[in-house]
Amino acid sequence: MTSLSQDVGLFFDKMPEALPLYEAFEQRVLEEIKDVQIRVQKTQIGFSNRHNFAFVSFLPVRKAAKRPKIYIVVTFGLAYRVESPRIDVATEPYPNRWTHHVLLASEEEIDSELMTWVKEAAAFAAAKR
């Protein structure tokens, strides 16, 4: 087991049932985006090229009663606000930098729409100075 695998395993210690969701997301990211680094931190797992472009966490983006028992939250940044019912929260921490949070409860939700946003976020991050 690599250090990254161990770190990921520890990250999912409190919700191990969500690990397959994360693994499916990670696989798609690594297949579809070049030169991605993954960094496991205490509260999130970051995906970066030159800069961070996506994160996986357990952010409570929905009220507990509306959150599924097993989930992950994928966060990504773009230059504009995505208008979609799939986006749980979108904020603009800096002008023209929108942070989007999407709650995923099934592998089917790791679809072409989500990956289009994540790939666009990777390109947006790579273009930053």
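Residues numbered from 1 in each chain as written. Predicted model: local features only at pLDDT ≥ 70, side-chain atom pairs only at ≥ 80, totals over all residues. Heavy atoms only, no water.

Draft legend 1. Looking closely at the pairing of strand β5 (residues 89-94). Inspection of the sheet shows β5 paired to strand β6 (residues 97-104) by 4 bridges, in the antiparallel sense. The partner of Ala90 across the bridge, within β6, is His100. Hairpin connection from β5 to β6: 2 residues lie between these consecutive antiparallel strands, with Asn96 at a positive phi of about 60 degrees. (Pairing = 2+ DSSP bridges. Helix = DSSP H or I, 4+ residues; strand = E, 2+ residues; numbered from the N terminus.)

Draft legend 2. Fine view of the packing of aromatic side chains. Scanning the entire structure with this criterion turns up 8 aromatic pairs. Ring centres of Phe25 and Phe47 lie 5.4 Å apart, and the angle between their planes is 90 degrees; this geometry places the pair in the edge-to-face category. One end of the pair, Phe25, is in helix α2 (residues 19-32); the other, Phe47, is in strand β2 (residues 44-48), with 22 residues separating them in the sequence. Neither residue differs from the other here; Phe25 and Phe47 are each classed as buried. Between the aromatic rings of Phe76 and Trp117, the centroid separation amounts to 5.8 Å while the plane-to-plane angle is 25 degrees, which identifies the pairing as stacked. (Phe/Tyr/Trp six-rings, centres within 6.5 Å; stacked < 30°, edge-to-face > 60°. Buried < 20%, exposed > 50% of the residue type's maximum accessible area, 1.4 Å probe, protein only.)

Draft legend 3. Main features of the pairing of strand β1 (residues 37-40). Two elements, β1 and β2, share 4 bridges in a ladder whose sense is antiparallel. Each residue of the ladder has a partner; that of Ile38, found in β2, is Phe47. Two successive antiparallel strands, β1 and β2, enclose a turn made up of 3 residues.

Draft legend 4. Broad picture of the sheet that holds β1. Read from one edge of the open sheet, 6 strands run β1-β2-β3-β4-β6-β5, paired in antiparallel fashion. The sheet is open, and its two edges are formed by β1 and β5, each paired on a single side. Neighbouring strand axes in the sheet, compared pairwise and without regard to direction, differ in orientation by 20 degrees on average. In this fold α2 packs onto β1, β2, β3 (52-57), β4 (72-78) and β6, with an angle of close to 10 degrees to the strand it touches most, β2. (Axes fitted to C-alpha atoms, helices over the stretch in contact; angles between N-to-C directions. Contact = heavy atoms within 4.5 Å.)

Draft legend 5. Main features of the side chain of Thr75. By the secondary structure assignment, Thr75 is in strand β4. A polar contact of 2.7 Å, which involves the side chain of Thr75, links it to the side chain of His101. Dropping the residues within four chain positions of it, Thr75 is found in contact with Phe53, Ala54, Phe55, Leu59, Thr99, His100 and His101. (Polar contact = N/O pair within 3.5 Å; in protein donor to acceptor, adjacent residues only side chain to side chain.)

These results come straight from atomic positions and should not be treated as a statement about function.
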